Amino acid sequence: MEKGIIEKLRDSQLRGRGGAGFETWIKWKIVKESLAEQKYIICNGADGEIESSKDGFILDNYLEDVVNGILIAISEVGAQKAYIFLRKDYFDKYKERLSVLTVNQPIVLFEKPEVGYIGGEETTICEIIEGREAKPRLKPPYLAENGLFGCPTLINNVETFYCVSKIAQGDYKGERFYYVSGKVKNKGIFVLPDNASIRGVLQETGNCPDFDYFVQVGGYFGQIYLPDEIDSQFSAISSITVFDKNETDVYCLVEEIAEFFHKGNCDKCTPCREGSFLICEMAKNKSFDYEKVEQIIFSLENSSFCAFGRNMAISLKSIFKKLIKNGKNQV
Amino acid sequence: MEKIKFKINGQEVEGKIGETIMSVALKNKINILGVCYCPDLKPESSCRLCLVSIANRKGFFTSCNTKIEQGMEVITDSPEIEKIKRINFELIFSKHSQNCFSCRRKKYCKLLKIARVYGFDLKSSKKAGLLEKYQFGPSIIFDPNKCINCNNCVQVCHNQGVGFLETRKVGGFSRVTPCDSRDCIYCGQCLSHCPSGAFEEVSSIPNVEQILANKQNYVVFQFSSVMVKSLKSELGRNWDINFLSKALKKMGAKMIFDTSFGVDVVIEEESKDLIHRLGEKNRQCLFTSHCPAWVKFIEFYYPEFISSLSNNRSPHMIWGGHIKNYLTTQGIDPAKIFVISIAPCTSKKYEVLRPELETDGIRPVDAILTTNEVCLLLQKLNYNLAEIEKESLKNVFIKNKDAYGSNEDIIKSGLRAFYKKKTGKELNGQEFKKIEGVENGIESDVLIDGKLVRVAVVYGLLGAKKILEILKNNPNAYDYLEVMACPRGCLGGGGQPICDDASTDDCLIEKDMNGYFDVAQIAKIMNAGLKKRKEICKTEYSKATKNNKKTSTDR
């Protein structure tokens, strides 16, 4: 007997491509086994990082696979309705093709409102679809148990649904999409093995720098890695940004990242709302109060409501630790 | 229901399923310092100060939204918790324009309390007055420079079914802003629920002082006895109704009335209206119109129900009309008569300016002082307490036995009056029961001459909206509906002094009031009013739009 899709997902070891890296098959199993009458699927195409357009690349080239992945999910978990949640430019660009592909299917296109990065966080997406303010919910309950309109909800990223389709067709080769940018020769999106090292990706794509550099992995929320840290295998790398160590003004780097956090957070929690702003202001004034920065990061780690604040802490902590050691500008 | 037992700081405590750590802690007088928590709102959990740790669980938890569990061990203090609290407090305070001395909140300000406990010196990193203040009609001022983004006002405004306040992201920060397409009903719940004092009433104190300064003026005060106890908690034990009346006399008041006399008239009129309505073929539920915020709510958001509203004015307006009418018949120049109402309400500031409530071009009431403003005004007095004590109680008219202690009392009295008119008998022991699914709603059925009269009383517009929806589907679901826009009734009005979460009971009415009044004098006033009853008591309400603010210019 042929294996069910959930078994195939488990065998493939596919982890969600949205960033959190949760094992996909477990999420599907929870929603499938729920006895609720009403269930929902959400395909997350919010793709919040400004520069990255990985999801756009997939929508451009593999739209049928994404829709196919969603349809597989609908029948597997027994959902009545699926939403494809897309950021504005994707929505405008793909709505016509998508409406042809989803004709007579219980799939609804949903345009992400102008709410910043937080509008791509999974519980926030539910709030938005339900017509409320774009603010995250308290977890638990997890969406798989109690999600959209209080029903079990399976939410996966665009790339994950693409992979599901490939796995169902037996076409999945354990690969993922990498977005390489920054000071590189060949900027763009590449398909390489899932467990590549950072150096491996840079080499394979012809982007190994011949200057003193550091990289940030995973966009604005990602950590900084120095050249001697990039050889180990990483899982869930989605983007690599290469910086020239000698040319990069760390104040500008922090300003850019902190401003993104300041504008993209939902303004609910004190440390996120005020902390990102203060760090951004310090960077603009080219003077860091290191004690204050340490305090803000500590509070973000320990008192944030959602992962936005905690991930912000990871990013800022690695910048300050690796690039601005001991209060001195190392760059 | 099964109790959940657990520990806070080693102390055994218990609570119900679904309760939060914060709520159980407050009941047990365990103080968890937080800023944004309001017992009657869904926790916003925005300040991130009420953190606790729980044995065998990683990380910290905000006590306001963490549900209690059997056997959990909660710790409210540790060096890490204090560290985070300090950081987050500083972050909050850094954006708050610290106009603490003039702030309406200062007595019960949680921010100041935390500053004291943790030994912070107050210094603002932000200059005050950078952002422009908003004024909502003649009632409420919002100063965004004091806002700490807790979102309580937006939530309570939404709960009220008004949705006038919303957040908008401006330059990286979410700001509370009034919505263009909706309008404020001036209930003042934003004010009661704002932890940082960003909302306050538009002050009538200068106006009242000016009226009192002119010794040619004949100034009359009226107040609802409901607010007296909160005066005590603000000003001290001396301040009962008598003492307040004496102080007002000292300030120059010629006469002082309990607004309950106006309630008597309203009840008389309303029971007539109810009898009339019940006799109609397509009978409509009669809505009371005592609460100006409720009236505006109907006019703006549910105009299809305007014809349900009683065409009676509210008690203090009716009594103001009676006073002015009577004094005019006594030969006093109407232009020199001033009636000032003291009320727990911000919406009345708007009500007194409504042109359709004038009688012969004269406003029945000239100014509203909220309970909070009265406290401020009295604190400015230069008299010592012994001097006030000497003042006589002549021309002070306070009901004792029959004073209305709560809004519920009013509708019960209305029902009794109505019953007596219809049957000639007394109605006793009428009990109200909770309406399932309607917040702060109670109902009662009265059988009168074989006819069932259904009565509902609702506090807060969240519940009132549900009754309106019920009436849309079944216009005969109720015959008589009393609504007060504020969820805790007038006691929880926007003009009340702000109390601690734990001490809200302090605002309850004084039970042992010493009242007295000259019955003959009240009868004279009532009788003088009989000839002009319609002009004094009735009005027409109409559909309101944003541009039609319904406030005439000051006289």
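What you see is a predicted model, and the numbers here were worked out from it, not measured in a lab.

Considering the sheet that holds strand E3 (residues 107–111) of chain A
Residue and element names in this part refer to chain A.
In step 1: An order of E3-E2-E1-E4 is seen for the four strands of this open sheet, with the pairing classed as parallel. A strand with exactly one partner marks an edge of an open sheet, and here the two such strands are E3 and strand E4 (153–157). Across the sheet, the axes of successive neighbouring strands diverge by a mean angle of 20°, strand direction being ignored.
In step 2: Inspection of the sheet shows strand E1 (residues 40–45) paired to strand E2 (residues 81–86) by six bridges, in the parallel sense. Residue Asn44 lies in a different strand from E2, and its bridge partner there is Phe85.
In step 3: Together, E1, E2, E3 and E4 form the strand contacts of helix H3 (residues 54–77), whose direction differs from that of E1 by roughly 170°.
In step 4: Against the sheet, helix H4 (residues 88–101) touches E1, E2 and E3, its axis set at about 155° to E3.

Quick notes on the interface of chain A and chain B
In step 1: Contacts between chain A and chain B engage 19 residues on the former and 20 residues on the latter.
In step 2: Only helix H8 (250–264), helix H9 (270–284) and helix H10 (290–303) of chain A provide two or more residues apiece to the side of chain A that touches chain B.
In step 3: Its residues assigned to classes, the side of chain A that touches chain B comprises seven nonpolar, seven polar and five charged.

Things to note about the sheet that holds strand E18 (residues 441–448) of chain B
All names here are of chain B.
In step 1: The strand order across the open sheet formed by five strands is E13-E20-E19-E18-E17, and the pairing between neighbours is mixed. Each end of this open sheet is capped by a strand with a single partner; those strands are strand E13 (286–287) and strand E17 (433–434).
In step 2: Bridging between E13 and strand E20 (residues 480–484) involves two bridges; their strand directions are parallel. From the neighbouring strand, Phe287 faces E20, where its bridge partner is Leu481.
In step 3: Across the sheet, helix H16 (residues 461–473) lies against E18, strand E19 (451–459) and E20, angled at about 150° from E19, the strand it touches most.

With respect to the domain arrangement of chain B
Residue and element names in this part refer to chain B.
In step 1: Annotation of chain B at the domain level lists domain 1 (3–93), domain 2 (134–201), domain 3 (205–264 + 314–398 + 493–527) and domain 4 (267–312 + 405–491).
In step 2: Centre-to-centre separation of domain 3 and domain 4, based on C-alpha positions: 27 Å.
In step 3: Across the boundary between the two partners, domain 3 contributes 16 residues, which contact 11 residues of domain 4.
In step 4: If you list the elements that add at least two residues to the side of domain 3 that touches domain 4, you get helix H9 (260–279) and helix H12 (348–351).
In step 5: When residues in the side of domain 3 that touches domain 4 are grouped by element, the largest group, three residues, is from H12.
In step 6: Looking at side-chain class alone, the side of domain 3 that touches domain 4 contains eight nonpolar, five polar and three charged residues.

Notes on helix H2 (residues 79–93) of chain B
In step 1: For H2(B), spanning 15 residues, the distance from its first C-alpha to its last is 21 Å, which sits close to the expected 21 Å at 1.5 Å a residue.
In step 2: Those residues of H2(B) not exposed but buried are Ile81(B), Ile84(B), Lys85(B), Ile87(B), Asn88(B), Phe89(B), Glu90(B), Leu91(B), Ile92(B) and Phe93(B).
In step 3: Against H9 and H10 of chain A together with strand E3 (51–54) and helix H3 (110–118) of chain B lie the buried residues of H2(B).

Thresholds applied
- As a convention, each chain's residues are numbered from 1 in the sequence order in which they are written.
- Here the convention is simple: chains get letters from A, ligands get numbers from 1, in the order in which they are written.
- In keeping with the model being predicted, local features are shown solely for residues with a pLDDT of at least 70 and side-chain atom pairs are shown and tallied solely at 80 or more, while totals for entire chains, interfaces and linings include all residues.
- Strands pair, by our definition, only if DSSP identifies at least two bridges between them.
- In DSSP terms, a helix is any run of H or I states spanning at least four residues, a strand is any run of E spanning at least two, and both are numbered starting from the N terminus.
- Between the N-to-C directions of two axes lies an angle of 0 to 180 degrees, each axis being a line fitted to C-alpha atoms and, for a helix, fitted only over the stretch in contact.
- C-beta atoms are first placed from the backbone for all residues, and any pair lying within 7 Å is then listed as a contact.
- Note on residue categories: nonpolar means Ala, Val, Leu, Ile, Met, Phe, Trp, Tyr, Cys or Pro, charged means Asp, Glu, Lys or Arg, and polar means any other residue, Gly included.
- Throughout the structure description, domain borders are defined by an automatic or database domain assignment.
- What a helix should span is 1.5 Å times the count of its residues minus one.
- Partly exposed residues are those whose C-beta has more than 12 but fewer than 20 other C-beta atoms within 10 Å; with 20 or more the residue is buried, with 12 or fewer it is exposed, and the C-beta atoms are placed from the backbone.

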